[in-house]
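So the chains spell out like this:
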Amino acid sequence: MTHPTIHRVRTLDLGFEPWPWPFANEKCADIEAHFAVKKREKPIWNGRILLGRDPDFSTKRFSARYFDADFASFLAWRDWGFPDGSVFNGFGMGALRCSDGAFVLGEMAGHTANAGRVYFPSGTPDPDDLKGGAVDIAGSVAREVEEETGLRPEEYRASAHWDCVVSGAVIAMIRILEVDVTGEMLRARIEANLARQSQPELSRIHLVREKRDLTPAMPRFVTAFIESEIAA
């Protein structure tokens, strides 16, 4: 496995244009059979998601073109080891950092497709994240943070930059979100929010303290999350 590389940028330029994904068209029958097996294992839904092509990192900017595909095709592509190398899964992550330096992460619940994995609030973008003909990753992150933790945008300060972690077919666009409470306080608040949900996405909240910032020397725990996605 190639070790992840990191690009710090200030601008995301992620356009959208419909594109018939050759992999999805050519492997349609196999994809349907694979999804049928996965659906018997867990209650997953074959909705529409957004994937990227033609990634380019220039000075302070990350550019790419996105297209929409069904979740079944994405799942097969991921589970089969990313056979189409021209496509990548590019998603946003909200790195909640508390006043005492603790990062807050969630463990995915058993009913989800990524059960047991520990992440920053994140999610593969979908058509609801399209805004003005482009993919709004900042909006996607804000939505995922609120869905998973209950925190609204006015309750944290978003960094001006993004740390884009590239590992094979995965590009995670990570943004630090500063919260003016301690890690223990925020964990208690998130756990209370999860307790009010009938089927929360998260089963447990973890705190990780790391002295280094999310600079080009990415902390070990962030790299591990990206590598776990590649190994899925």
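Quick note: structure is the one above.
Residues numbered from 1 in each chain as written. Predicted model: local features only at pLDDT ≥ 70, side-chain atom pairs only at ≥ 80, totals over all residues. Heavy atoms only, no water.

(A) Up close: the environment of F71. Position of F71 relative to the elements: it lies in helix α3 (residues 71–79). Remark: the alpha-carbon pair of F71 and R48, spanning 23 residues in sequence, is separated by 5.8 Å. (Helix = DSSP H or I, 4+ residues; strand = E, 2+ residues; numbered from the N terminus.)

(B) Quick peek at the nonpolar core. In this structure, W21, L51, F62 and W77 are the most contacted members of the largest nonpolar core, which totals 61 residues. The residues touching W77, leaving out its near neighbours within four places in the chain, are W21, F23, L51, F82, P83, D84, V87, F88, N89 and A169. (Core = buried A, V, L, I, M, F, W, Y, C linked by side-chain atoms within 4.5 Å. Buried < 20%, exposed > 50% of the residue type's maximum accessible area, 1.4 Å probe, protein only. Contact = heavy atoms within 4.5 Å.)

(C) Main features of the environment of L105. Topologically, L105 is positioned in strand β6 (residues 102–108). C-alpha separation for the pair L105 and G94, spaced eleven residues apart in sequence, amounts to 9.4 Å.

(D) Local environment of the packing of helix α2 (residues 28–41) against α3. Remark: α2 packs on α3, axes separated minimally by 9 Å, with the N-to-C direction vectors making an angle of 90°. With respect to each other, α2 and α3 are oriented roughly perpendicular. Counted together, I31, H34, F35 and K38 of α2 and F71, A72, S73, L75, A76 and D79 of α3 form the full contact between these two elements. Among the residues making up the contact of α2 with α3, the classes are represented as six nonpolar, two polar and two charged. (Axes fitted to C-alpha atoms, helices over the stretch in contact; angles between N-to-C directions. Parallel < 35°, antiparallel > 145°, perpendicular 65-115°, else oblique. Nonpolar A, V, L, I, M, F, W, Y, C, P; charged D, E, K, R; others polar.)

(E) Seen up close, unusual backbone geometry. The backbone phi angle of K60 is positive, close to 65°, even though this residue is not glycine. Structurally, the position occupied by K60 is in the loop between β3 (48–58) and β4 (61–70). Its identity as a non-glycine residue notwithstanding, F82 has a phi of 55°, on the positive side. For F82, the position within the fold is in the loop between α3 and β5 (87–97).

(F) Representation of the pairing of β4 within the structure. Taken across its ten residues, β4 has seven buried, putting it largely inside the fold. Strand direction decides the pairing type here: strand β2 (residues 11–16) and β4, joined by six bridges, are parallel. Residue pairing in the sheet places L14 in a bridge with A64 of β4. Of the strand pairs in this sheet, β3 and β4 are connected by nine bridges, and their pairing is antiparallel. The residue bridging S58 from the neighbouring strand is R61, located in β4. Two successive antiparallel strands, β3 and β4, enclose a turn made up of two residues, where K60 displays a positive phi of approximately 65°. (Pairing = 2+ DSSP bridges.)

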